[in-house]
Amino acid sequence: MRLTENHRRVLSLALAELEEYLLRLERALTEEPLVGHLYQEANALQSHERAESIVKVADALRGQVGELARLLALEPVRHDRFDLIWAGLSAHWANLEELRPAHLSSYGPLKPEVAGFLEVRLSLLERGLERIENILTEVEDVQANRGGV
C-alpha cells in the first residue's frame, strides 16, 4: 500500500506509542514492583489471575501492531535510553537545587542547624549526580569518536 511520508510518520509514531504502552503494561504486570527508601510501587494486579489475561491481550495487540507495521512498511520509532538518562539527570539536578535552604525558606523559616544539615547532604547527592554526569560525558565522547550517539 502506498502512503505519503507524512501518513507513514503519523502512523509510525501513534502505533509506536501504543506499543510502548503495551510493553510497559506487560512489564508492570510481570516484574516485581520497585521499592526504595522513599519511592515504593504497589501492584494490586500482579498476583491476580486477571493480570495474565491482560498480558495475553497486550501481547496480541502488539502482534497486530507488528502486522500493521509490516503491511504498511512502517519504520520503527527509536528512542535511546541514553537520552532519557541525560534528561532525568538534568531534571533531578534542578530538583535538588530547589531543595536548598534558600529556596525552602519560601515555605517557612528553617532553623540554622537544619539548613546546614541539608546543605551538606544535598551537596553529597549533587556530587553523586556529578559522577553520573561525568560517566555519561565519557560515554558520549567515546561514541562521538566512533561516529555514534
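Scroll up a little and you will see the structure.
Every value quoted in this text rests on a predicted model; they were computed, and no experiment measured them.

Engineer: Just give me the short version of helix 3 (residues 81–98), but keep the residues and values in it.
Structural biologist: With 18 residues, helix 3 extends 26 Å from end C-alpha to end C-alpha; this agrees with the ideal 26 Å at 1.5 Å per step. Here helix 3 has its buried residues at Phe 82, Trp 86, Leu 89 and Leu 96. Summarising the axial view, the buried residues of helix 3 lie within an arc of 95 degrees, below the 170-degree limit, and thus occupy one face. Exposed side chains of helix 3 directed beyond 90 degrees from the buried face belong to Arg 81, Asp 83 and Leu 84. Each element contacted by the buried residues of helix 3 is listed here: helix 5 (112–146). Of the residues flanking the start of helix 3, the one acting as N-cap is Asp 80, its side-chain oxygen 2.8 Å from the backbone nitrogen of Phe 82.

Engineer: Account for the nonpolar core, naming residues and giving values.
Structural biologist: Within the largest apolar cluster, seven residues are counted, these being Phe 82, Trp 86, Leu 89, Leu 96, Leu 122, Leu 129 and Leu 136. Put simply, the parts of the chain that give this core at least two residues each are helix 3 and helix 5. What Leu 122 contacts, discounting residues up to four positions off in sequence, is Leu 96, Leu 99 and Arg 100.

Engineer: Could you give an account of the environment of Glu 31, with specific residues and numbers?
Structural biologist: Residue position: Glu 31 is located in the loop between helix 1 (5–30) and helix 2 (49–72). Given the relative accessible area of 44%, Glu 31 is considered partly exposed. Along the backbone, Glu 31 and Leu 118 are 87 residues apart, and their C-alpha atoms lie at a distance of 35 Å.

Engineer: Report on helix 2, specifying residues and quantitative values.
Structural biologist: Its 24 residues place the ends of helix 2 35 Å apart at the C-alpha level, agreeing with the 34 Å of an ideal helix rising 1.5 Å per residue. Buried residues of helix 2: Ala 51, Val 55, Ala 58, Val 65 and Leu 72, and no others. On its buried side, helix 2 packs onto helix 1. Looking one or two residues past helix 2, Ala 73 carries a phi angle of roughly 55 degrees, positive in sign.

Definitions and cut-offs
- Residues numbered from 1 in each chain as written.
- Predicted model: local features only at pLDDT ≥ 70, side-chain atom pairs only at ≥ 80, totals over all residues.
- Heavy atoms only, no water.
- Helix = DSSP H or I, 4+ residues; strand = E, 2+ residues; numbered from the N terminus.
- Expected span 1.5 Å × (residues − 1).
- Buried < 20%, exposed > 50% of the residue type's maximum accessible area, 1.4 Å probe, protein only.
- Arc of directions from axis to C-beta.
- Contact = heavy atoms within 4.5 Å.
- Polar contact = N/O pair within 3.5 Å; in protein donor to acceptor, adjacent residues only side chain to side chain.
- Core = buried A, V, L, I, M, F, W, Y, C linked by side-chain atoms within 4.5 Å.

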